[in-house]
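Residue-level structure breakdown
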Number of protein chains: 2
Amino acid sequence: MRTAFHHQLDALRRSIADMCDLTGTAMAQATEALLGADIVLAEGVISAHPDVIVRATDIENDAYTLLLLQAPVAGDLRAILASLQNVADVYRMAALALHVADTVRLRHPCTAIPDDIKPYFAEMGRIAVDLSRNARRVVLSGNAEQAAELAHDDDAMNELHRLVFTILMDRKWSHSVPAAVDSTLLSRYYERFADHAVKVGQRIIFQATGSHGGQPQLERHHTA
Amino acid sequence: MRTAFHHQLDALRRSIADMCDLTGTAMAQATEALLGADIVLAEGVISAHPDVIVRATDIENDAYTLLLLQAPVAGDLRAILASLQNVADVYRMAALALHVADTVRLRHPCTAIPDDIKPYFAEMGRIAVDLSRNARRVVLSGNAEQAAELAHDDDAMNELHRLVFTILMDRKWSHSVPAAVDSTLLSRYYERFADHAVKVGQRIIFQATGSHGGQPQLERHHTA
């Protein structure tokens, strides 16, 4: 039987899924802005961010209200806790997309990254958008197999992150130090974006299988 | 009246406080290793990290068990949720200290950062250790005023982070691109370390005053 509580929990999940959509759109636009030094697109991402903050805060408040008023137990309690943690991760993803847009605005009318490494950032952007879409899907479905796919995209992102670093660290780097500094941080933003999407996936796996898989909330360890 | 539940909650808080200690020690040693290119100290931080993972996982499991078996409500529920979120933040701080140590090991026997910016990193390290100590204190005391002090240290850290960036972005930067890339990421690690300590403080304020102060779990927005 679906109780009022479960309808509210579903509404919570749909709101988080909507946030995944907004986050994916923000990262798509931020990446396009980065590749084209497009200030209009960058400012679009920046001006859309307050709405993300409001939504995240609303979702948190709704989750707390559900917890405090309904005092759910066992699986229902786990589900709300997971929602609370998921919204924090998706919010952080949106903040990282905002960081990309902020960098574009800061460097405008110059481009923040040199032309020859743009293809890597284009690919990181594509993977980030894909991760947002998959995070949305698993938040709604609760499907552990779909959630496991997020880790594949994360592996691809880490590979690109390492590749960008190899290029930056190479003596053949012919661009300026500021361009290297910007590229370093931007690459890190994409890599962290992926890490947070993976955490959403891990949590879904935990909920579906009851298995911590070692560490549910704790992140896998990466170095840049 | 103190129930068994409250004793367990106290034990949880003490365990998190112990993790703050370990994290502060890790960051102190990682910073000393960074300043002196000291591989032994760096490897000490790296080899101590698995214990931090085990502790964090144990604390999470204990918190989940308390939640599921005791089904606390209202303030007790909030307290456990805060503990779960605090342990995730303190764990992340430890992971950032580990990133510093990893960088030292990666560059050994060279130093990762040029001598002339070492004083800024020494100061960032000092503030990070101070933040760990204060996070420990507020986790144990639950004191909102003490928790608010964490934000002051964070302001100082952000100021140093900006300063390092100004130096990196300056045409007068005479060091290599790889040194700039390492300095960029290292500075970011310290800055993020402080952000997570602040989140612990914000949560204590929320618990003590019931006031979200806008956004309890959501981070304040920084750009590099």
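Residues numbered from 1 in each chain as written. Chains lettered and ligands numbered in written order. Predicted model: local features only at pLDDT ≥ 70, side-chain atom pairs only at ≥ 80, totals over all residues. Heavy atoms only, no water.

1. A look at the overall build of chain A
When you go through chain A residue by residue, the secondary structure sums to 6 helices and 0 strands. Element order for chain A, N to C, with α for helix and β for strand: α-α-α-α-α-α. For 224 residues, the compact-globule estimate of 2.2 N^0.38 gives 17 Å, and the C-alpha radius of gyration of chain A, at 19 Å, lies within 12% of that figure. Each principal axis of the C-alpha atoms in chain A carries an extent, and together these give about 65 × 35 × 20 Å. Evaluated residue by residue, chain A yields a buried proportion of 54% over its 224 residues. Taken as a whole, chain A presents about 8,900 Å² of accessible surface, with 53% of it coming from carbon and sulfur. The distance from the centre of the 21 positive side-chain charges to the centre of the 28 negative ones in chain A is 3 Å. (Helix = DSSP H or I, 4+ residues; strand = E, 2+ residues; numbered from the N terminus. Rg over C-alpha atoms; globule rule 2.2 N^0.38 Å. Buried < 20%, exposed > 50% of the residue type's maximum accessible area, 1.4 Å probe, protein only. Areas by Shrake-Rupley, 256 points an atom, 1.4 Å probe, with all protein chains shown as cover. Lys, Arg positive; Asp, Glu negative; His and termini not counted. Charge placed at Lys NZ, Arg CZ, Asp CG, Glu CD.)

2. Some details on helix α4 (residues 118-141) of chain A
Across its 24 residues, α4(A) extends 35 Å between first and last C-alpha, which sits within 8% of the 34 Å expected from 1.5 Å per residue. A positive phi of about 65° marks G142(A), the residue just after α4(A). (Expected span 1.5 Å × (residues − 1).)

3. A look at the packing of helix α3 (residues 74-107) of chain B against helix α6 (residues 177-209) of chain B
Residue and element names in this part refer to chain B. Orientation of α3 relative to α6, taken along the N-to-C sense of each, is 165°, at an axis distance of 9 Å. One finds that α3 runs roughly antiparallel with respect to α6. Relative to α6, the crossing made by α3 is left-handed. Looking at the contact of α3 with α6, its residues break down into 14 nonpolar, 6 polar and 8 charged. (Axes fitted to C-alpha atoms, helices over the stretch in contact; angles between N-to-C directions. Parallel < 35°, antiparallel > 145°, perpendicular 65-115°, else oblique. Left-handed = near helix turned anticlockwise from the far one by under 90°. Nonpolar A, V, L, I, M, F, W, Y, C, P; charged D, E, K, R; others polar.)

4. Comments concerning the pattern of salt bridges
Using the criterion set out here, one finds 26 salt bridges over all chains in the structure. Here the residues in one salt-bridge network are D89(A), K199(A) and R203(A), joined through shared partners. (Salt bridge = Lys/Arg side-chain N within 4 Å of Asp/Glu carboxyl O.)

5. With respect to α3(B)
Compared with the 50 Å implied by 1.5 Å per residue over 34 residues, the 50 Å span of α3(B) between its first and last C-alpha is a close match. Here α3(B) lies mainly inside the structure; 26 of its 34 residues are buried.

6. Brief notes about the packing of aromatic side chains
For the structure on display, the rule yields 4 aromatic pairs over all chains. Where F206(A) meets Y64(B), the ring centres are 5.9 Å apart and the plane angle is 70°; that geometry is what we call edge-to-face. Here the residue F206(A) occupies a position in helix α6 (residues 177-209), and Y64(B) occupies one in helix α2 (residues 39-70), the pair thus bridging two chains. For Y64(B), a relative accessible area of 6% corresponds to the buried category. (Phe/Tyr/Trp six-rings, centres within 6.5 Å; stacked < 30°, edge-to-face > 60°.)

7. Description of the nonpolar core
Ranked by size, the top nonpolar core spans 89 residues in total, and within it L34(A), F121(A), Y190(A), L34(B), F121(B) and Y190(B) carry the most contacts. In this view, Y190(B) contacts M27(B), T31(B), L34(B), V100(B), F121(B), M124(B), G125(B), A128(B) and M157(B); residues no more than four positions away in its chain are not counted. (Core = buried A, V, L, I, M, F, W, Y, C linked by side-chain atoms within 4.5 Å. Contact = heavy atoms within 4.5 Å.)

8. Regarding the environment of S176(A)
One can find S176(A) in the loop between α5 (144-169) and α6. S176(A) sits 62 residues away from P114(A) along the chain, and the two C-alpha atoms are 9.2 Å apart.

9. A short note on the UniProt feature "domain: PhoU" (unreviewed entry) in chain A
According to UniProt, the "domain: PhoU" (unreviewed entry) feature falls on residues 16-103 and 122-204 of chain A. Each end of residues 122-204 of chain A is marked by a C-alpha atom, and these two atoms are 28 Å apart; helix forms 89% of the span and strand 0%. (UniProt positions renumbered as here; feature names shortened; annotations may be inferred.)

10. Some thoughts on the confidence of the model for chain A
All names here are of chain A. Predicted confidence across chain A gives a mean pLDDT of 92, with 93% of residues reaching 70 or more. This stretch, residues 220-224, has a pLDDT under 50; its non-local contacts, to residues over four places away or in other chains, come to 18 contacts. Per the prediction output, this complex has pTM 0.93; the corresponding ipTM is 0.91. (pLDDT = per-residue confidence, 0-100.)

11. Examining the side chain of D182(A)
Tracing the backbone through its elements, the reader meets D182(A) in helix α6. Polar contacts involving the side chain of D182(A) include one to the side chain of R107(A), which spans 2.5 Å. Ignoring any residue separated from it by four or fewer positions in sequence, one finds D182(A) in contact with T103(A), R107(A), A112(A) and M169(B). (Polar contact = N/O pair within 3.5 Å; in protein donor to acceptor, adjacent residues only side chain to side chain.)

12. Brief notes about unusual backbone geometry
Note on backbone geometry: most residues besides glycine have negative phi, and most peptide bonds are trans. Residue and element names in this part refer to chain A. A cis geometry characterises the amide bond from H108 onward to P109, with omega recorded as 10°. Residue placement: P109 occurs in the loop between α3 (74-107) and α4. For A71, which is not glycine, the phi dihedral falls at a positive 40°. The residue A71 is located in the loop between α2 (39-70) and α3 in this model. Overall, the relative accessible area of 33% leaves A71 in the partly exposed class. Positive phi, close to 45°, is recorded for A74, a residue that is not glycine. Within the secondary structure, A74 is located in helix α3. Take A74: its relative accessible area is 42%, and that puts it in the partly exposed class.

13. Focus on the environment of R107(B)
Among the secondary structure elements, R107(B) is positioned in helix α3. A residue is classified by how much of its surface remains accessible, and R107(B), at 24% relative accessible area, is partly exposed. Between the C-alpha atoms of R107(B) and A179(B), which are 72 residues apart in sequence, the distance is 9.9 Å. Other than its neighbours up to four places away in sequence, R107(B) contacts M169(A), A112(B) and D182(B).

14. Notes on the packing of helix α1 (residues 4-36) of chain B against α3(B)
Residues and elements named next belong to chain B. Following both chains from N to C, one finds α1 and α3 inclined at 15°, their axes separated by 9 Å at the closest point. Taken together, the axis directions place α1 and α3 in an arrangement best described as roughly parallel. Between α1 and α3 lies a crossing of left-handed hand. Here the residues of the contact of α1 with α3 are counted per class, giving 22 nonpolar, 4 polar and 2 charged.

15. Points about the environment of Y190(B)
Take Y190(B): it is sitting in helix α6. For the pair Y190(B) and L160(B), spaced 30 residues apart in sequence, the C-alpha to C-alpha distance is 9.7 Å.

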